[in-house]
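Here are the chains, one letter per residue:
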Amino acid sequence: MDVPRTVTAALEDRPVDGRRCLEAGAGVGNTTAGLLDRGASRVYAVTDRREDAQTTRCRVDRGTDRLAVLEADLRSIPLPDDSVDLITAHGLCNVLDPSALSMVVAELTRVAVPGCHLVVDDYDPLPAEAAVRELFAVENAAANLATGRPALTFYPATVLRHQFEGQGWTSDRERTLLEPVPWTENHLGTHADTAVSFARDCPDDLGESLAERADGLATELGSESAGRMYSLALQLQA
Amino acid sequence: MTDQSKAVDMRTRPLGETGHESTVMTFGAIALNWVEQEAANQMVEHVLDYGVTHFDVAPMYGDAELKLGPKLRQHREDIFLGCKTQEREYEGARRKLEQSLNRLGVETIDLYQVHGLEYDEELDTITGDGGALEAFRDAKDEGLIDHIGLTSHSRPQLILDAIDRIDDLESLMFPLNPVVVGKDDEEHDYEAVLARADEEGIGTLGIKAFADGPWPPTDELPETDRPFANWYQPVRSPGEIRERFDFAASQGLTSVVSAGDPKLVTMILEAAAQYDGMDEAAQRSLIEQSRHDDSPVPEQLHH
């Protein structure tokens, strides 16, 4: 499978060969594939979504014994203390609200060996003029009404860096992976679908109007290139 | 906008070891096929106003050779002329070369290329006894052509084999765009061709830089109803054209060949004139965009 350039660019200056790696939030397995390509001795791909676990197994597995896909909550990772040498969180933190984020940071720190490397790739908050902000705002409104938590939080790079530094990590570097970020029809349609599914659990007719707005925005916008995706690299103090 | 009152200083790069400096844009003269002679004359003047030095044509481009002729002859010293042949054997290649010289009305062609190499057997034929390359070499000895090149949008490995087997190869023309670069499999590894060509001192010309996707099937959109003359659906807004130009030019190609439809030429000239590199985050942005447009994996929230 094709490893996205965002992943290769984020990993290219990190020591992957022969390392035990943890992909936190496996998504569709893009980073897992990148880690295996770069010679990871083992990759634990952790996700709490069954369909992502299946997609990752199906896309990446190819009979390797170096991959273990774990269906688990990142606030409680089924791995012992000090057990991985490199952790990636590629597009993970934006789906964690602040309280989940701090628990996940603590848990990732627990499983990391001293000297462990960490790659955190995420999105800066969108610029004021970006039209896609409205779609994400509708998605968050529906999520908040349905669950009490936002669906998406775009943390500035400095905020995530400080979160990890507070747990004993030191910053190595920051680089820009994408600028602008291409929010394609595929992405916006998926965000609209997410909004619609939260909207179903919203009280009274508010959900209906949010769902309608989300669909309308995705159609109206089509696609937009806006914002920045960054990559932070940190290391756990030995 | 570009100031039309003075010549534009379009960037140039050495075309391998030919000694020629090609502009970052090569004019794909197939565009002349779709316009009348007077408009063709104007288009050549227009392209030269932007400082473009490298033109590329072929006998299979309708009557593009004939329409290029008058202005080519008038400005012969300012134009590095590439032409090509689909003939694979000696006699055919010689005949096509003479025909092109005749139709263009010039004494020499600066770069003569094997056109559209597609199969391994063709590589055997052109490199073998009585093959097209023998005709090229004889023509070179006679001063009818100066340099030998090859074009292909076939498998990258075939092009790499051609580099191995043709010692006097001086330029290559092959596809390069964000879709191709985003695919890791061997069938799309034209970056390997680029890297190898650089090592060997072979000039590189990029085609399909402006391709956006295939045309819909002809039962949905008949060929006669297509809005552009290109083989593929091109990107068509000035912003997209510029992004695609910048992307292709920043991969390390010697020059990017303009798209075949005359409606796109001015936008591409503008993009080439303004070319000032492209940072890696912006290049990745285009690769990601095409990867998702084209992705077999549903439901992606992230990049």
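Right above here is the structure, for reference.
Computed from a prediction, not measured in an experiment: that's the story for all the values here.

## Some words on the overall build of chain A
So, point 1. Within chain A one finds eight helices and nine strands.
So, point 2. What you see for chain A is a C-alpha radius of gyration of 18 Å, in line with the 18 Å of a compact globule of 238 residues.
So, point 3. Considered along the principal axes of its C-alpha atoms, chain A spans approximately 50 × 35 × 30 Å.
So, point 4. Look at the contacts in chain A between residues 6 or more apart in sequence, and 81% of them connect residues 24 or more apart.
So, point 5. With an accessible surface of roughly 9600 Å², chain A has 47% of that area assigned to carbon and sulfur atoms.
So, point 6. Each charge class in chain A can be summarised by its mean position, and for the 22 positive and 38 negative side chains these summaries are 7 Å apart.

## Quick look at the nonpolar core
So, point 1. Within the largest apolar cluster, 90 residues are counted, with the highest numbers of intra-cluster contacts made by B:Phe27, B:Phe55, B:Leu68, B:Leu81, B:Leu172 and B:Phe245.
So, point 2. When residues in this core are grouped by element, the largest group, six residues, is from helix H10 (residues 262-274) of chain B.
So, point 3. Among all residues touching B:Phe27, those that are not within four sequence positions of it are B:Leu32, B:Met43, B:Val47, B:Val52, B:His54, B:Phe55, B:Asp56, B:Ser258 and B:Val265.
So, point 4. By size, the runner-up hydrophobic cluster in this structure holds 50 residues, among which are A:Leu36, A:Val132, A:Leu135 and A:Ala226.

## Thoughts on the sheet that holds strand E9 (residues 229-236) of chain A
Residues and elements named next belong to chain A.
So, point 1. Strands sit in the order E3-E2-E1-E4-E5-E9-E6 across an open sheet of seven strands; the sheet is mixed. In the strand order of this sheet, the two ends are held by strand E3 (67-71) and strand E6 (169-178), each with one partner. Strand-to-strand twist of the sheet, defined as the mean angle between neighbouring strand axes without regard to direction, takes the value 15°.
So, point 2. Pairing of strand E4 (residues 84-90) with strand E5 (residues 112-123) involves six bridges; the strand directions are parallel. By the bridge assignment, Ile87 is partnered in E5 with Leu118.
So, point 3. Seen against the sheet, helix H3 (residues 50-60) touches strand E2 (42-47) and E3 and runs at an angle of roughly 170° to E3.

## A short note on the sheet that holds strand E9 (residues 203-207) of chain B
Residues and elements named next belong to chain B.
So, point 1. One closed barrel accounts for eight strands, arranged E3-E4-E5-E6-E7-E8-E9-E12; its pairing is parallel. Put simply, the sheet's adjacent strands are angled 30° from each other on average, direction ignored.
So, point 2. Relative to strand E6 (residues 109-114), strand E5 (residues 80-85) is paired through four bridges, and the arrangement is parallel. Paired with Cys83 across the two strands is Tyr112, which belongs to E6.

## A closer look at the interface of chain A and chain B
So, point 1. Tallying the contact residues gives 33 residues for chain A and 23 residues for chain B.
So, point 2. Together, the buried faces of chain A and chain B total about 2400 Å²; carbon and sulfur atoms form 51% of this surface.
So, point 3. The largest per-residue losses of area from chain A upon contact with chain B belong to A:Asp2, A:Arg5 and A:His187, which jointly make up 26% of the total buried on that side.
So, point 4. Summed over the shared surface of chain A and chain B, the result is one salt bridge.
So, point 5. B:Glu191 is paired through a salt bridge with A:Arg5; the nearest N and O atoms lie 3.4 Å apart.
So, point 6. Along the contact surface separating chain A from chain B lie 11 residue pairs in polar contact (both at pLDDT 80 or more).
So, point 7. If you list the elements that add at least two residues to the side of chain A that touches chain B, you get helix H1 (5-11), H3, E6, strand E7 (182-183) and helix H7 (185-199) of chain A.
So, point 8. It is H7(A) that provides the largest number of residues to the side of chain A that touches chain B, a total of five residues.
So, point 9. Each residue belonging to the side of chain A that touches chain B can be placed in one class, and the counts come to 14 nonpolar, 14 polar and five charged.

What counts and how
Residues numbered from 1 in each chain as written. Chains lettered and ligands numbered in written order. Predicted model: local features only at pLDDT ≥ 70, side-chain atom pairs only at ≥ 80, totals over all residues. Heavy atoms only, no water. Helix = DSSP H or I, 4+ residues; strand = E, 2+ residues; numbered from the N terminus. Rg over C-alpha atoms; globule rule 2.2 N^0.38 Å. Contact = heavy atoms within 4.5 Å. Areas by Shrake-Rupley, 256 points an atom, 1.4 Å probe, with all protein chains shown as cover. Lys, Arg positive; Asp, Glu negative; His and termini not counted. Charge placed at Lys NZ, Arg CZ, Asp CG, Glu CD. Core = buried A, V, L, I, M, F, W, Y, C linked by side-chain atoms within 4.5 Å. Buried < 20%, exposed > 50% of the residue type's maximum accessible area, 1.4 Å probe, protein only. Pairing = 2+ DSSP bridges. Axes fitted to C-alpha atoms, helices over the stretch in contact; angles between N-to-C directions. Buried area = accessible area lost by both parts, 1.4 Å probe. Salt bridge = Lys/Arg side-chain N within 4 Å of Asp/Glu carboxyl O. Polar contact = N/O pair within 3.5 Å; in protein donor to acceptor, adjacent residues only side chain to side chain. Nonpolar A, V, L, I, M, F, W, Y, C, P; charged D, E, K, R; others polar.

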